[in-house]
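# An overview of the molecular structure
Each chain, written out:
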Amino acid sequence: MRRRARVAAGGVGPLGLGVATLWLSLIVLLPLAAIVAKSLDGGVAGLWDAISAPVAWKTLRLTLVISVIVTVLNAGFGTLIAWVLVRDEFPGKGFVNALIDLPFALPTIVASIVLLALIGDNSPIGLNLAATHTAIGIALLFVTLPFVVRSVQPVLLELDREAEEAAASLGASNPVIFRRVILPAIAPALISGAGLAFARAVGEYGSVVLISGNIPGNQVASQFIADRIETDRPATAAAMAVALLVITFVVLLVMRLFGSWSQRHEG
Amino acid sequence: MTAISAIDVNKHYGDFAALDNVSIEIPDGSLTALLGPSGSGKSTLLRVISGLEVPDTGRVLIAGEDVTALTPQKRGIGFVFQHYAAFKHMTVRDNVAFGLKIRKRPKAEISARVDELLEIVGLAGFQRRYPSQLSGGQRQRMALARALAVEPKVLLLDEPFGALDAKVREDLRTWLRRLHDEVHVTTVLVTHDQEEAMDVADRIAVLNAGRIEQIGSPRELYEEPANDFVMSFLGPVATLGGKLVRPHDLVVSLRQIEDAVPVTVERVVHLGFEVRISLRDADGEELSAQTTRGEAARLDLSEGQQVFVRPGHPAFDADVAAPAA
């Protein structure tokens, strides 16, 4: 049995590596390859034409602009909520903490119905935002809230309070301490959470589908894809899907690079 | 002149009195150690002086100015923490420059001052490194340079060597002493290690249960302890006839002498120059006597042997030094 490769301590060996690669290929790479192949039915030029067609382009732009705004807002407020949950004591903190995860757990279509009931045609608060960009934004704010809170919270918990005290003893005011000591420490988590929130916002379907009214001009990319499938234009759907795929992948890649860059200095 | 005064300071955490009406004066240019077991209030006192902790009642004066109502930012202090409190995302150079940048000093001045400080703490070659690339001792020296950069009126060190291993701790101790002789900034050092306090400080305040038991020079505290607590905290003690005695102040004799108590030899441990003799008295209480190699050779003790001990000093005790009859 001398030919059998020795497995280094802690390693998984060739079999483990093979299984992992196979699984990743079957579950992730194969479907992605299929969609990319589909989008290239009309060649690269066909793909470009499909994306740059006015309606497709407008949809993609709307999706990205709203996603960016939503991500920035949730980065700010998510950090604030995480801060309050970590640093402040108040009655009902456990309840609030559990509430944060609700958008994760709730089926997104339920979120859509809830929002429709609240800010739809028969709004009890007299705020009819159905079929507006704002409504889409609110739906996306709702579903992406947990990302930043949940990635920043554990980092805030582990934060070196003494570093803040050291900064204070050196004369730094509270805003300066936040900007120069706390923010750099939570930045990787913040960016990672924001990246996930953005990726989720770009691809969100369920929570938006009812409240957006699903009318052309107020559709997000995922609705556009569903619409093109229903009207039997799979190549256009595939083109939009590939656009989302590339954008999401680039965002996640940049996030990872930033994460490993900033991790080098952590002791 | 007095650099720091704490006057009638009280600090409670719930029912626990961390500081119980503590007053202390710290002379200008001194290196004072606050020494005590954990929970004695020594760190709390230091943090009250720094402004990081707000006392329930009492006042704090730094350089004659009442700073009780001031935040740490405005007190002109330098503070060093046990676990370095390094700014991990900044280089050594940026860490040290932090306080000066906040004070918006000219770039050239900051640069020159940082160079000078890195030189003093022996980190001149490390300025581009990040704290994670430094050893514990180097990190703490960086923290000291950072605190000194803003030219504080007082330097406050909270168990600065507590996280380091024994060898590094001893080196840094000597280094701090030399640094203090060079820089002359009034320094308060919190420690639970009596040897560290005796080695570094020129004054020691012994704290226990939120109160100051005694303040004095290391020698005063060792030779004239105000009470049993100070005596037992500042060095090894043996109990003889209900009284505390230093093990090296015990005379061991082979024959019955005046005031001596009969004891049994349990163990004789040779520690180089020093020889430690473990003894047990008639009530079964253990005590330990310390003697020299020569004296131990003369006594030639064996385990289980009955001998007699009394407080005193062998060198001045002709009666005992005479060979047993």
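All values reported here derive from a predicted model rather than from experimental measurement. (Residues numbered from 1 in each chain as written. Chains lettered and ligands numbered in written order. Predicted model: local features only at pLDDT ≥ 70, side-chain atom pairs only at ≥ 80, totals over all residues. Heavy atoms only, no water.)

## Structural notes on the pattern of salt bridges
Put simply, the test is: Any carboxyl oxygen of Asp or Glu within 4 Å of a side-chain nitrogen of Lys or Arg constitutes a salt bridge here. Labels follow the DSSP assignment, with helices taken as runs of H or I lasting at least four residues and strands as runs of E lasting at least two, numbered in each case from the N terminus. Here the term buried applies to any residue with accessible area under 20% of the maximum for its type, exposed to any over 50%, and partly exposed to those in between, with areas from a 1.4 Å probe on protein chains only.
Scanning the model with the defined rule gives 27 salt bridges over all chains in all. Here Arg87(A) ties to Glu164(A) by a salt bridge, and the two come within 2.9 Å at their closest N and O atoms. Within this pair, whereas Arg87(A) is found in helix α3 (residues 54-87), its partner Glu164(A) is found in helix α8 (residues 161-169), the two being separated by 77 residues in sequence. Of the two residues examined, Arg87(A) and Glu164(A), each falls in the buried class. Counted as one network, the salt bridges with shared partners bring together Glu165(A), Arg47(B) and Glu53(B).

## Observations regarding the UniProt feature "domain: ABC transmembrane type-1" (unreviewed entry) in chain A
Inclusion rule: UniProt positions are given in the numbering used here, feature names are shortened, and annotations may be inferred rather than shown by experiment.
Mapped onto this numbering, the UniProt entry annotates "domain: ABC transmembrane type-1" (unreviewed entry) at residues 60-255 of chain A. Within residues 60-255 of chain A, the helical portion is 78% and the strand portion 0%, while the C-alpha atoms at the span's ends are 21 Å from each other.

## Details of the domain arrangement of chain B
Cut-off, in case you're wondering: The domain boundaries here were taken from an automatic or database domain assignment.
In terms of domain boundaries, chain B breaks down into domain 1 (2-229) and domain 2 (237-311). Taken over C-alpha atoms, the centre of domain 1 of chain B sits 41 Å from the centre of domain 2 of chain B.

## Quick word on the sheet that holds strand β3 (residues 31-35) of chain B
All names here are of chain B. Put simply, the test is: At least two bridges found by DSSP between two strands is the condition for calling them paired. Helix axes are fitted only over the stretch in contact, all axes being lines through C-alpha atoms; the angle between N-to-C directions runs from 0 to 180 degrees. Residues count as neighbours in contact if any of their non-hydrogen atoms are within 4.5 Å of one another.
Taken together, the 6 strands give an open sheet; going across it, the order is β6-β7-β8-β3-β9-β10, and neighbouring strands pair in mixed fashion. Pairing within the sheet leaves two strands with one partner each, and these edge strands are β6 (77-80) and β10 (211-216). Averaged over all neighbouring strand pairs, the angle between strand axes comes to 15 degrees, with direction disregarded. Packing of helix α1 (residues 42-50) onto the sheet brings it into contact with β3, β6, β7 (154-158), β8 (186-191) and β9 (203-208), and relative to β7 it is tilted by some 150 degrees.

## Thoughts on the packing of aromatic side chains
Keep this limit in mind: Note on aromatic pairs: the rings of Phe, Tyr and Trp (six-membered ring only in Trp) are paired at centre separations within 6.5 Å, and the planes decide the class, stacked below 30 degrees, edge-to-face beyond 60, tilted for the rest. Only Lys NZ and Arg CZ are tested; either one counts as a charge over a ring when it is within 6 Å of the ring centre and within 35 degrees of the ring normal.
In this structure the tally under the stated criterion is 5 aromatic pairs over all chains. Residues Phe79(B) and Phe81(B) carry aromatic rings whose centres are separated by 4.6 Å and whose planes lie at 40 degrees to one another, so their mutual orientation is tilted. Pair check on accessibility: Phe79(B) and Phe81(B) agree, each one buried. The interplanar angle of 50 degrees and the centroid separation of 4.6 Å between the aromatic rings of Phe87(B) and Phe98(B) together place this pair among those described as tilted. In this pair, Phe87(B) is assigned in the loop between β6 and α2 (92-102) and Phe98(B) in helix α2, connecting sequence segments 11 residues apart. Classification of Phe98(B) as buried rests on a relative accessible area of 0%. Above the ring of Trp83(A), the side-chain terminus of Arg87(A) is found at 4.6 Å from the ring centroid.

## Some words on helix α11 (residues 221-230) of chain A
Every α-helix winds through 3.6 residues per turn, so residues three or four apart in the chain are directed the same way. Most of α11(A) is tucked away: 7 of the 10 residues are buried. Looking one or two residues past α11(A), Asp232(A) carries a phi angle of roughly 60 degrees, positive in sign.

## What about the UniProt feature "transmembrane region" (unreviewed entry) in chain A?
Residues and elements named next belong to chain A. The UniProt record annotates "transmembrane region" (unreviewed entry) at residues 12-37, 64-86, 98-119, 125-149, 181-202 and 237-258. Overall, residues 64-86 shows 100% helix and 0% strand. The separation of its end C-alpha atoms is 32 Å. What you have in residues 98-119 is 86% helix and 0% strand, and the ends, taken at the C-alpha atoms, are 24 Å apart.

## Describing unusual backbone geometry
Residue and element names in this part refer to chain B. The backbone of Ala63 shows a phi angle near 50 degrees, a positive value even though the residue is not glycine. Positionally, Ala63 belongs in the loop between β4 (57-62) and β5 (65-66). With a phi angle near 50 degrees, Ala209 is a residue other than glycine that sits in the positive phi range. Along the polypeptide, Ala209 turns up in the loop between β9 and β10.

## Examining the nonpolar core
The tendency in soluble globular proteins is for nonpolar side chains to be buried as a group. Rules: We define the nonpolar core as a collection of buried residues of types Ala, Val, Leu, Ile, Met, Phe, Trp, Tyr and Cys that are connected through side-chain atoms lying within 4.5 Å of one another.
Of all hydrophobic cores here, the largest spans 55 residues; its most connected members are Leu156(A), Ile4(B), Leu34(B), Leu45(B), Phe87(B), Phe98(B) and Leu156(B). With 7 residues, helix α9 (residues 174-203) of chain A is the largest single contributor of residues to this core. In this structure Leu156(A) touches Ala82(A), Trp83(A), Val86(A), Arg87(A), Ile182(A) and Ile186(A), once residues within four positions along its chain are discounted. Of all hydrophobic cores here, the second largest spans 44 residues; its members include Ala33(B), Val80(B), Phe161(B) and Trp175(B).

## Looking at the side chain of Ser169(A)
In plain terms, the rule: Contacts described as polar in this section are N or O atom pairs within 3.5 Å, which, within protein, must combine one atom able to donate a hydrogen with one able to accept it, while residues neighboring in sequence count only if both atoms come from side chains.
With respect to the secondary-structure elements, Ser169(A) resides in helix α8. Within the structure, the side chain of Ser169(A) is placed 2.7 Å from the backbone oxygen of Ala166(A), a separation counted as a polar contact.

## Regarding the packing of helix α6 (residues 108-119) of chain A against helix α7 (residues 133-158) of chain A
Residues and elements named next belong to chain A. Filter applied, for reference: Note on terminology: angles under 35 degrees are roughly parallel, angles over 145 are roughly antiparallel, angles of 65 to 115 are roughly perpendicular, and the others are oblique. The sense of a crossing depends on the near helix, which, turned anticlockwise from the far helix by less than a right angle, makes the crossing left-handed and, turned clockwise, makes it right-handed. Three categories are distinguished: nonpolar for Ala, Val, Leu, Ile, Met, Phe, Trp, Tyr, Cys and Pro, charged for Asp, Glu, Lys and Arg, and polar for the others, with Gly belonging to the last.
At a closest axis distance of 10 Å, the pairing of α6 and α7 adopts a crossing angle of 135 degrees. Overall, the two elements α6 and α7 adopt an arrangement that is oblique. Between α6 and α7 lies a crossing of right-handed hand. Together, Thr108, Ala111, Leu115 and Ile119 of α6 and Ile138, Ala139, Phe142 and Val143 of α7 make up the contact between the two elements. Across the contact of α6 with α7, the residue classes tally to 7 nonpolar, 1 polar and no charged.

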